[in-house]
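Tertiary structure, described
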Amino acid sequence: MERALSPLFVAAVAFALVASLLAGQLAADSQAPVTARGAEALGRAGFAYFTGIRTFIAAVLWNRLEPIFHDYYEELPLEEQVQMLPTIRTVIMLDPQFGEAYYVAAWVLARRGEVETGLDIAKQGVENNPASGLLRLNYAQILYLFGDDLDEAVRQADIAVQTATWRDAIEQHDAYAAFGAIYRAAGLTGKDAFMRREIERLDEVIGDALPPDAHDHDGDGLPDH
């Protein structure tokens, strides 16, 4: 079997390639006279270049991590997937808007019994990405299932329902099933009924694209890992 390259090695190579390209561009730019306004513009451009490098490396690391997880560790329970955590930490450091990294790390740690650390990561994800429905869902579920804080879980669910953005209707559908479980646990029958109506509406929007086992109206909203 061909040996898989280390994600950090891949990221280092990617960084070196992009940095060399940017160095060449900066060297060419330095030949032109720079006014005060031009210097300010170059400063903004340099920051944008650096941000682009960081997010690019984060994506490279994550794209190396996913196939390794699915190909080699798919049968390993999520709480035992600790080999992913150093890479996930690096992804978050490089790109604080990389939502999936917070989501996976928080669940691995919470299921291992490291609830406070999992909650801290889930909360950090929400603070860095307040509009993310996925990360509001993540924080609400871990508060409910592991953190023994149903009131805050309800508050996070409310924020998500009222203000969050979703990557697609399937993600929203799955989140509303989980929020329904939280509302039922809190005795909020009106909000649970609203989630059920919204799920039925999303069923029609999604149609045949919805997996057959996605109709979790009465489940606990656990992620499918």
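In case you missed it, the structure is sitting above this.
Residues numbered from 1 in each chain as written. Predicted model: local features only at pLDDT ≥ 70, side-chain atom pairs only at ≥ 80, totals over all residues. Heavy atoms only, no water.

To continue, consider the packing of aromatic side chains. Counted according to the given criterion, the structure contains four aromatic pairs. Consider the rings of W107 and F146, whose centres lie 5.6 Å apart with planes at 80°: the pair is edge-to-face. With W107 in helix 4 (residues 99–111) and F146 in the loop between helix 6 (133–145) and helix 7 (150–163), this residue pair connects regions lying 39 residues apart in the sequence. Where W166 meets Y176, the ring centres are 6.0 Å apart and the plane angle is 85°; that geometry is what we call edge-to-face. In this pair, W166 sits in the loop between helix 7 and helix 8 (169–185) while Y176 sits in helix 8, placing the two residues ten residues apart along the sequence. Here Y176 falls in the buried class, since its relative accessible area comes to 4%. Members of the aromatic cluster, each reached through a chain of ring pairs, are W166, Y176 and F179. (Phe/Tyr/Trp six-rings, centres within 6.5 Å; stacked < 30°, edge-to-face > 60°. Helix = DSSP H or I, 4+ residues; strand = E, 2+ residues; numbered from the N terminus. Buried < 20%, exposed > 50% of the residue type's maximum accessible area, 1.4 Å probe, protein only.)

With that settled, the discussion passes to unusual backbone geometry. Keep in mind that most residues, glycine aside, have a negative phi and that most peptide bonds are trans. The phi dihedral of D148 is positive, around 55°, even though this residue is not glycine. As for its placement among the helices and strands, D148 is situated in the loop between helix 6 and helix 7. Residue D148 is classed as exposed on the basis of its relative accessible area of 75%.

Turning to the side chain of D95, a few remarks are in order. By the secondary structure assignment, D95 is in the loop between helix 3 (85–94) and helix 4. Its relative accessible area of 11% is what places D95 among the buried residues. Excluding residues that lie within four positions of it along the chain, D95 makes contacts with T55 and A58. (Contact = heavy atoms within 4.5 Å.)

Just geometry here; none of it tells us what the structure is for.
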